[in-house]
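Summary of structural features
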Amino acid sequence: MPSIDDMWITPGPRPNGLQAADDGLWVIDADNSHIYKLDYETGEAMVDSPTDTYKSSGMTVGDGVVWVASTHNSRLYKLNEDGSTIEYLDPPGMGARDPRDKGPEYIRPHGMEWMDDRTMWVSVKPALRNYLINPETMEVIKSIPTPGAAPHGIAWDGETLWCADRGLGMVHRLDADTGEVLDEIPVPDPEVHGLTFHDGALLFCCDPSRRVCRIEIS
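Residues numbered from 1 in each chain as written. Predicted model: local features only at pLDDT ≥ 70, side-chain atom pairs only at ≥ 80, totals over all residues. Heavy atoms only, no water.

1. Thoughts on the layout of surface pockets
One way to see where empty space is left: roll a probe the size of a water molecule over the atoms. Filter applied, for reference: Put plainly, a pocket is an open set of points on a 1 Å grid over the protein atoms alone with protein on both sides within 12 Å along at least five of seven lines, a cavity is a set where a 1.4 Å probe fits but cannot get out, and a lining residue has an atom within 4 Å of a point. Grid points are joined across faces, edges and corners, and a volume is the space filled by probe spheres set on the points. A helix here means a DSSP run of H or I that spans at least four residues, while a strand means a run of E at least two residues long, and both kinds are numbered starting from the N terminus. The classification used treats Ala, Val, Leu, Ile, Met, Phe, Trp, Tyr, Cys and Pro as nonpolar, Asp, Glu, Lys and Arg as charged, and all other residues, Gly among them, as polar.
Its boundaries defined by the atoms lining it, the largest pocket holds a volume of some 290 Å³. Lining of the largest pocket is provided by 14 residues; of these, Gln19, Ala20, Glu113, Trp114 and Asp116 occupy positions nearest its centre. Estimated volume of the second largest pocket: approximately 250 Å³. For the lining of the second largest pocket, the elements supplying multiple residues, two or more each, are strand 6 (56-62) and strand 14 (151-156). Looking at the lining of the second largest pocket residue by residue, the classes come out as three nonpolar, eight polar and six charged.

Right, here's the structure in full:
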């Protein structure tokens, strides 16, 4: 099993979403709703911007825009890098209801991943699907199932999609066309929330402990 190595803890109290960039690691915090860009070596904040997101769980960055999945009000936020909101959008999976069927507040989008062809993956918990969407039109291009019942962060390694499941304590590598599980990595500790891929490794964050950890996979 690949080793799970601690890097550092985040400045915010509840890190939930991650996105690797060339010049730093983006983090969305579910408690203070700040977006951070952190130094890979030290964890120090190079960007620390408040947002109007709410209890968010996922984020990605592409084309100069920061995207955040705001879990408890079922919104996708399109932000400037200073944290200001450009637009609010509905997540995919609005037709899929939580078993309690209490309305759209339970759609709960989680992980996000911007793709080089200007599409974007969004993981949605009640639907138990990872959706590939056109972020300009919000049209669903395709979707694949999640392996477990508590999908959280997702990451693209250049060929396949990785999906973290907090309930199972597992990260799965998926065929992006079929959803077939190609590999899996147990993550018994700490809890796996946000997930991203950088420099041959999966990076993930743990909400309760603020830890950011690295799993070398190449």
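Having seen it, we continue.
2. So, the sheet that holds strand 6
Defined as follows: The pairing criterion is simple: DSSP has to find at least two bridges between the two strands. In this analysis, axes come from line fits to C-alpha atoms, helices being fitted only over the stretch in contact, and the angle between any two N-to-C directions falls in the range 0 to 180 degrees.
An order of 6-7-8-9 is seen for the four strands of this open sheet, with the pairing classed as antiparallel. Among the strands making up the open sheet, the edge pair consists of strand 6 and strand 9 (85-89). Strand-to-strand twist of the sheet, defined as the mean angle between neighbouring strand axes without regard to direction, takes the value 20 degrees. Two elements, strand 8 (residues 75-79) and strand 9, share four bridges in a ladder whose sense is antiparallel.

3. A short note on the nonpolar core
What counts, and what does not: Side-chain atoms within 4.5 Å link the members of a nonpolar core, which is a set of buried Ala, Val, Leu, Ile, Met, Phe, Trp, Tyr and Cys residues. Only protein chains enter the calculation, and the probe is 1.4 Å; a residue is then buried if its accessible area is under 20% of its type maximum, exposed if over 50%, and partly exposed in between. Contacts were defined at the residue level, with two residues in contact if any of their heavy atoms lie within 4.5 Å.
Core analysis: the largest hydrophobic core is formed by 15 residues, its most contacted members being Trp67, Leu76, Met112, Met120, Val122, Val124 and Ile133. Among the elements of the structure, strand 7 (65-70), strand 10 (109-114), strand 11 (120-124) and strand 12 (129-134) are those that each provide at least two residues to this core. If we skip the residues at most four places from it in the chain, Leu76 touches Val68, Ala69, Glu87, Tyr88, Leu89, Asp90, Pro91, Pro92, Pro109, Met112, Val122 and Met138.

4. What to know about the packing of aromatic side chains
Condition: Centre distance within 6.5 Å is the pairing criterion for rings of Phe, Tyr and Trp, where only the six-membered ring of Trp is used; planes under 30 degrees apart are then read as stacked, over 60 as edge-to-face, and the remainder as tilted.
Scanning all chains against the criterion turns up one aromatic pair. Relative to Tyr88, the ring of Tyr77 has its centre 5.1 Å away and its plane inclined at 85 degrees; by these criteria the two rings are edge-to-face. Within this pair, whereas Tyr77 is found in strand 8, its partner Tyr88 is found in strand 9, the two being separated by eleven residues in sequence. Judged by its relative accessible area of 1%, Tyr77 falls in the buried class.

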